[in-house]
Amino acid sequence: MEWFDHINMDDEYDKLIIRMNPPRVVIDNETCENATLVKIQSANKHGILLEVVQVLVDFDLLISKAYISSDGVWFMDVFHVTDNDGNKVTDEELIDHIQQSLRTNAALLPCPRRSAGGQAVTEVTTIELSGADRPGLLSEVLAILTDLSCNVVEAEVWTHNMRVACVLHVTDQVKGAAIADPERLSKIKELLYKVMNADSDIKSAKTAVSTGLTHTERRLHQMMFADRDFEQMSKGRDETSSDDGRPLVTVDNYEDKGYSMVSVRCRDRPKLLFDTVCTLTDMQYVVFHASADSQDTEAYQEYYVRHTDGRMLNSEAERQRLIHCLEAAIERRVSEGMRLELCRTDQIGPLSDATRIFRENGLSVTRAEITSRDEKGVDVFYVTDVAGNFVDSKTVEAIRQEMGKRALQVKDGSLHVESSPRENSTFSFGDLLKFKSERFLYNIGFKKPVS
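Engineer: Is there a simple way to think about the overall build of the protein chain in this case?
Structural biologist: Secondary structure summary: the protein chain contains 11 helices and 18 strands in total. Within the protein chain, buried positions represent 47% of all 451 residues. Partitioning the intrachain contacts of the protein chain with sequence separation of at least 6 by distance along the chain shows that 71% fall at a separation of at least 24. Counting every atom, the protein chain has about 22,900 Å² of accessible surface; 48% of that belongs to carbon and sulfur.

In structure tokens:
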């Protein structure tokens, strides 16, 4: 009991200090020629760095450099940011929104409510799924939600190391609001659990249904971390080289300073800083000093950290665990496969139809971002074949022909053409996936018998 009282007292004291010293946010477009500087000074509290970085990436800002210092009661950060086109942030309305959001998060004030696909926070039901990945899984999930009259407003799917995590924001298809009926929510959870656990797996699947909105990307990191997707990271790794494109993470202790230094080197990409800071925070490490820089296509990050109890990393096992967790966090967002963009209209049909066509043609979704606004959808899918290889051009063209070439666009990657076509072939992975998925959906009451 004393320990909890101590925590509560510290929390109230931190809030008092922050209110006495409100955060100062400066957006500077004069100092740097090719980037906008975002400068933040605030009373320090655990997790404030993640909240600040989260705000910046939520505004779709690219962070090219960062300098962080929070050793003591004061927190001081400088971020070099641009928009997605590499330009400075000059729109005054956007600057005002950024400043307001940063002040709100740093001051522990109630945050402005986010929305999902134009829906208010209280008007959506959030579904979280995690477990073993397999081809056709997303199609089965969406088929069940469609049959249960759930409209997917927004969703994001990550896969990594044969595991999958998915966060969906749904509404009642008729009422356009959150689903409130406890019995219906229980049925949704039960059926989705059966889908996630269709294949026997040592690690059981997890499903959760709640009302309201979560920060999707942070929850995806937390879900995959809880599912221990990082456990395969050490196999076949050379810790002295990142020439194979994989991240290089090292951890060293500086006894005289009392810090553990975490160094990250990898290919640069958007939201990289968020991914690493999110992992350090969720693993209960406090960042006291840090710097991040990107040159050409390479990113370098250094963090001086301690555990929340004030100690450095004490053992080789703890060091290896942090390394593997950071590697996993960096790799989860790396999109494997061909990027397909789907513009849904009333003529295309429900989202479940699109993913069914992917499944029947032997495509496996490795990552997905789904957004619906005003009964139209703009969706991004990264796909491979079921063996994880690049998709054949003929397969993609056949799918585009079925769905409409204007509706489905290939945005990334060159199409791979088979050197020798399989003539008169009577077997395809697509047929096999279609049979297995439809047989499973029939078994739980959602499909007619498969002949």
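This is not the end of the story, as more comes after the structure.
Engineer: Hey, could you run me through the sheet that holds strand β4 (residues 74-82) in this one?
Structural biologist: Hydrogen bonding along the main chain pairs the strands of a sheet, whether they run parallel or antiparallel. Strand order in the open sheet made by the 8 strands is β1-β2-β4-β3-β13-β14-β12-β11, with antiparallel pairing throughout. Each edge of the open sheet is held by one strand with a lone partner, namely β1 (24-28) and β11 (248-254). In this sheet, adjacent strand axes meet at a mean angle of 20° when their direction is disregarded. The sheet contact formed by strand β3 (residues 62-69) and β4 spans 7 bridges and is antiparallel.

Engineer: Explanation requested: the confidence of the model for the protein chain in the structure shown.
Structural biologist: For any part of a model where pLDDT is low, the fine detail of the predicted coordinates should not be relied upon. Averaged over the protein chain, the pLDDT score is 82; the fraction of residues at 70 or greater is 76%. This model gives residues 1-9 a pLDDT under 50, and the stretch forms 0 contacts once residues within four places in sequence are excluded. This stretch, residues 108-113, has a pLDDT under 50; its non-local contacts, to residues over four places away or in other chains, come to 10 contacts.

Engineer: Would you take a moment to explain the packing of helix α9 (residues 351-360) against helix α10 (residues 393-403) for this structure?
Structural biologist: At a minimum axis separation of 10 Å, α9 and α10 run at an interaxial angle of 150°. Classed by the angle they form, the pair α9 and α10 counts as roughly antiparallel. The handedness of the crossing between α9 and α10 comes out as right-handed. Here A354, I357 and F358 of α9 come into contact with α10, specifically with I399, E402 and M403. Tallied by class, the residues present in the contact of α9 with α10 amount to 5 nonpolar, no polar and 1 charged.

Engineer: Please explain the packing of helix α2 (residues 48-58) against helix α7 (residues 272-282) as it appears in this structure.
Structural biologist: What describes two packed helices is the angle between their axes and the distance between those same axes. Their axes nearest at 9 Å, the elements α2 and α7 cross at an angle of 155°. The angle between the axes of α2 and α7 places the two elements in the roughly antiparallel class. In this structure, α2 meets α7 at a crossing whose hand is left-handed. Taken together, the residues of α7 that come into contact with α2 (itself represented by L49, L50, V53, Q54 and V57) are L273, F274, V277, C278 and T281. Classifying every residue of the contact of α2 with α7 gives 8 nonpolar, 2 polar and no charged.

Engineer: Help me out: how do you make sense of the packing of aromatic side chains in this one?
Structural biologist: Aromatic rings considered in pairs are described by the distance between their centres and by the relative angle of their planes. Throughout the structure, instances matching the rule amount to 5 aromatic pairs. Seen from their ring centres, F358 and F381 are 5.2 Å apart, and the 80° between their planes marks the pair as edge-to-face. Taken together, the positions of F358 in helix α9 and F381 in strand β17 (residues 376-385) put the pair 23 residues apart, joining distant regions of the chain. Just as F358 is buried, F381 falls in that class too. A cation over a ring is seen here: R306 above F288, with NZ or CZ 4.7 Å from the ring centre.

Engineer: Would you mind showing me how to read the pattern of salt bridges here?
Structural biologist: Opposite charge on two side chains allows them to pair when their charged atoms are near. Going through the model one piece at a time under the given rule, you end up with 24 salt bridges. Across the salt bridge formed by E140 and R134, the nearest N and O atoms sit 2.3 Å from each other. The exposure class assigned to E140 is buried, which follows from its relative accessible area of 2%. Overall, R134 belongs to the buried group, its relative accessible area being 13%. The salt bridge partner of R218 is D282, with a shortest N-O separation of 2.8 Å.

Engineer: Got a minute to help me understand the nonpolar core in this structure?
Structural biologist: Soluble globular proteins tend to pack their nonpolar side chains together in the buried interior. Among the nonpolar cores identified, the biggest contains 49 residues, and F79, L102, V262, Y303 and L322 are the most heavily contacted of them. Tallying contributions element by element places α2 first for this core, with 8 residues. The residues touching L322, leaving out its near neighbours within four places in the chain, are V251, V262, L280, M283, Y285 and L313. Counting 44 residues, the second-largest nonpolar core is a separate cluster that includes M338, V391, I399 and A407.

Engineer: Quick question: what am I supposed to make of α7 here?
Structural biologist: Each full turn of the α-helix corresponds to 3.6 residues, which orients residues three or four apart in the same direction. Most of α7 is tucked away: 10 of the 11 residues are buried. Taken together, the buried positions of α7 are occupied by L272, L273, F274, D275, T276, V277, C278, T279, L280 and T281. One or two positions beyond α7, positive phi appears at Q284, with a value near 70°.

Engineer: Help me understand a negative patch on the surface in this model?
Structural biologist: A surface patch of negative charge is lined by D91, E92, E93 and D96. The class of E92 is exposed, set by a relative accessible area of 55%.

Engineer: Any chance you could explain unusual backbone geometry here in plain terms?
Structural biologist: A positive phi angle, near 70°, is found at M162, a position not held by glycine. Among the structural elements, M162 can be located in the loop between β8 (150-160) and β9 (163-172). The phi torsion at Q284 lies on the positive side, around 70°, for a residue other than glycine. Inspection of the secondary structure puts Q284 in the loop between α7 and β13 (285-295). The partly exposed category is assigned to Q284, whose relative accessible area is 36%.

About the cut-offs
- Residues numbered from 1 in each chain as written.
- Predicted model: local features only at pLDDT ≥ 70, side-chain atom pairs only at ≥ 80, totals over all residues.
- Heavy atoms only, no water.
- Helix = DSSP H or I, 4+ residues; strand = E, 2+ residues; numbered from the N terminus.
- Buried < 20%, exposed > 50% of the residue type's maximum accessible area, 1.4 Å probe, protein only.
- Contact = heavy atoms within 4.5 Å.
- Areas by Shrake-Rupley, 256 points an atom, 1.4 Å probe, with all protein chains shown as cover.
- Pairing = 2+ DSSP bridges.
- Axes fitted to C-alpha atoms, helices over the stretch in contact; angles between N-to-C directions.
- pLDDT = per-residue confidence, 0-100.
- Parallel < 35°, antiparallel > 145°, perpendicular 65-115°, else oblique.
- Left-handed = near helix turned anticlockwise from the far one by under 90°.
- Nonpolar A, V, L, I, M, F, W, Y, C, P; charged D, E, K, R; others polar.
- Phe/Tyr/Trp six-rings, centres within 6.5 Å; stacked < 30°, edge-to-face > 60°.
- Lys NZ or Arg CZ within 6 Å of the ring centre and 35° of its normal.
- Salt bridge = Lys/Arg side-chain N within 4 Å of Asp/Glu carboxyl O.
- Core = buried A, V, L, I, M, F, W, Y, C linked by side-chain atoms within 4.5 Å.
- Patch = residues over 30% accessible without salt bridge, like charges linked within 9 Å, V, L, I, M, F, W, Y side chains within 5 Å.
- Lys, Arg positive; Asp, Glu negative; His and termini not counted.
- Charge placed at Lys NZ, Arg CZ, Asp CG, Glu CD.

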